[in-house]
Every structure is written in structure tokens, then in C-alpha cells.
Amino acid sequence: MLKDITIGQYFPADSIIHRLDPRFKIIITAIFITMLFSADNFWGLLVGIIFLLASFLMSKIPMKLMLKSLKPIIPIIIFTTALNLFFLDGVTFFKFGFIKITYEGLETSAFMIIRIIALIMGSSLLTYTTSPITLTDAIERLLSPLKKIKLPVHELAMMMTIALRFIPTLVEETDKIMSAQKARGADMESGGIMQRAKALTPILIPLFVSAFRRAEELALAMECRCYHGGDGRTRLKKLCSTPADYNSLAISILFLAAVILLNITFG
């Protein structure tokens, strides 16, 4: 399961989505999330799904990789489905003893499952098609107006990107520690909840030690390279917008307008 966590990974390819300005990709991702959460019927949600599928096809990301990113959220999907399926009142669809499933529960469960899956896939598409360096530059440029109120924009963007970048590294480190502990005879899969929680102690302690060691090494490397924040820094590649960026933004706004129109029509 740990190997299926793909947050923060970058998949290099030559596609229209990869070539878009990362600032526009962040804004378009925010618009897509707004589409999903503003849709209050299946027609509006369908518009968001069409937008996601079109973006996915243009990105040239393998379907296997996108489906892999969904595996870690299967418990969340099951939990959300159970809550909506068994605890919503309405017209009874199925009843067995104290278990009652309603039409409203089925509809809400299906709606929430589609929304969660689309949300994860859309968010993953941003990190799959944008390298951590360009993502840092994009976040910093988008937050640059906050410099007027003395916020450390560069440092905030750097911390966000480093945290995102180290997710795959920590996942890999956790998998190595678990394998090493199992090779020493540690049992992490049997027993009750408390026993399994106690079995995680030999994993969490080395993981925290490793994380702090990596943080110290990173800080030392940045100091050796005379890093002192964003003042006076130059960039090898400057972010430049193209007509394709504005066209993509306009298309995403049109899709959002279609969702709002469908909400008004079928609301």
C-alpha cells in the first residue's frame, strides 16, 4: 500500500499539459476543484468529469499510474460510502433487520465516490505534470502580492515544495524500515488494534530519526551553497505565459460556468 502513494511524484513527458505555465496549472486546478464542490447534481459533476478526462488524455499520463494513486484512498471511499448509504433517511430501497438502504443514500454515496475520485485524480495530475522546481516558482509568483504585507513568500513556497517533494522519500523510507523490522521477526499484522499500534513503535522511531537527519542534511547543504532566502535570487528559467495558457484558462472557466448553469437549471 505504501508504494501506491504517488503524491509529489513527477512523470516527465512531452504533452500540452506539461508545457503549460505552472501558475496557470495551479489556477486551473483550483477552478476544477471549485467545479467538483459547486456541482449539486450529476449533470454538473459530469461536466467536471469530462474536463478531467480531456486533461488526462492530453497529459499522456498512463492510466495505470493514475489508478495507482487511488489505492491509498480506498478506505476513505469505503467509510464515506457506508456513512451515506446506511445513515441517510428517505425512501427505502432495501431493508434487512436494522440495516436500511434508501434511494437518497445510494444517490449520495455514488455522488460522493465520484467526487472524491475526481478530486484525487485532478490533484495528482498537477504534481505528475509539474516538476517540484517549477512548482516552487509558480507558488512564489502567485503569492508575490503578499510580500507587501511582509509575508516571507519565498520561504513559504520553499517549505511547501520541500514537504511535497519529501513525501515519496519518506514513503520509501517507511517501506524499508517495515521490511527490516519484519526480517527481524516483528509481527505487525496480527492481534488487536492496541497490539498493532504498539507494533508501529519500532517503525515510527527510526522514521522520525531518519526524517530529522534528512532535514539536517538538507539545511547543511543549503547553508554550504550560501542560501539566504529569496532576496536577490535569480532563476535559470523564467516563467512565461503563452496563448495556450490563456486558452486553457478560458476553457476551464467555461466549464465552471457550465456547471453553475446546470446547477441553476436542475437545482
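Bear in mind the structure is a predicted one, so any value in this text is a computation, not a measurement.

Together, F79, L83, F86, F87, V91, F93, F94, F96, I99, Y103 and L106 give the surface a local cluster of nonpolar side chains, amounting to about 1,100 Å² of exposed area. Secondary structure elements with two or more residues in the nonpolar patch: helix 5 (74-87), strand 1 (92-96) and helix 6 (103-128). Ranked by residues supplied to the nonpolar patch, first place goes to helix 5 with 4 residues. Along the polypeptide, L83 turns up in helix 5.

With that out of the way, let us pick up the nonpolar core. Of all hydrophobic cores here, the largest spans 27 residues; its most connected members are F32, M35, I61 and M66. For this core, the secondary structure elements donating two or more residues are helix 2 (22-38), helix 3 (42-59), helix 4 (63-68), helix 6 and helix 11 (243-266). Apart from the residues within four sequence positions on either side, M35 is in contact with G48, F51, S252, F255, L256 and V259. Counting residues in hydrophobic clusters, the runner-up holds 7 residues, among them L126, A138, I139 and L239.

A few words on the layout of surface pockets. Of the pockets and cavities examined, the second largest pocket occupies roughly 400 Å³. If you go around the second largest pocket, you meet 21 residues; those closest to its centre are I17, L20, I28, F51 and S55. Counting residues per element, the ones that place at least two in the lining of the second largest pocket are helix 1 (16-19), helix 2, helix 3, helix 6 and helix 11. Of the residues that constitute the lining of the second largest pocket, the class distribution is 14 nonpolar, 6 polar and 1 charged.

So, on to unusual backbone geometry. The backbone phi angle of K60 is positive, close to 65°, even though this residue is not glycine. Looking at the element boundaries, K60 is found in the loop between helix 3 and helix 4.

Axis angle and axis distance: for two packed helices, these are the angle between their axes and the distance between the axes, and together they describe the pair. The interhelical angle for the contact between helix 2 and helix 7 (residues 132-142), taken along N-to-C directions, is 75°, at an axis separation of 8 Å. The angle between the axes of helix 2 and helix 7 places the two elements in the roughly perpendicular class. Residue-level contacts link P22, R23, I26 and I27 of helix 2 to T134, L135, A138, I139, R141 and L142 of helix 7. In terms of residue class, the contact of helix 2 with helix 7 is made up of 7 nonpolar, 1 polar and 2 charged.

About the thresholds
- Residues numbered from 1 in each chain as written.
- Predicted model: local features only at pLDDT ≥ 70, side-chain atom pairs only at ≥ 80, totals over all residues.
- Heavy atoms only, no water.
- Patch = residues over 30% accessible without salt bridge, like charges linked within 9 Å, V, L, I, M, F, W, Y side chains within 5 Å.
- Areas by Shrake-Rupley, 256 points an atom, 1.4 Å probe, with all protein chains shown as cover.
- Salt bridge = Lys/Arg side-chain N within 4 Å of Asp/Glu carboxyl O.
- Helix = DSSP H or I, 4+ residues; strand = E, 2+ residues; numbered from the N terminus.
- Core = buried A, V, L, I, M, F, W, Y, C linked by side-chain atoms within 4.5 Å.
- Buried < 20%, exposed > 50% of the residue type's maximum accessible area, 1.4 Å probe, protein only.
- Contact = heavy atoms within 4.5 Å.
- 1 Å grid on protein atoms, 1.4 Å probe; cavity = no way out; pocket = protein on both sides within 12 Å on 5 of 7 lines; lining within 4 Å.
- Points joined across faces, edges and corners; volume = space filled by probe spheres on them.
- Nonpolar A, V, L, I, M, F, W, Y, C, P; charged D, E, K, R; others polar.
- Axes fitted to C-alpha atoms, helices over the stretch in contact; angles between N-to-C directions.
- Parallel < 35°, antiparallel > 145°, perpendicular 65-115°, else oblique.

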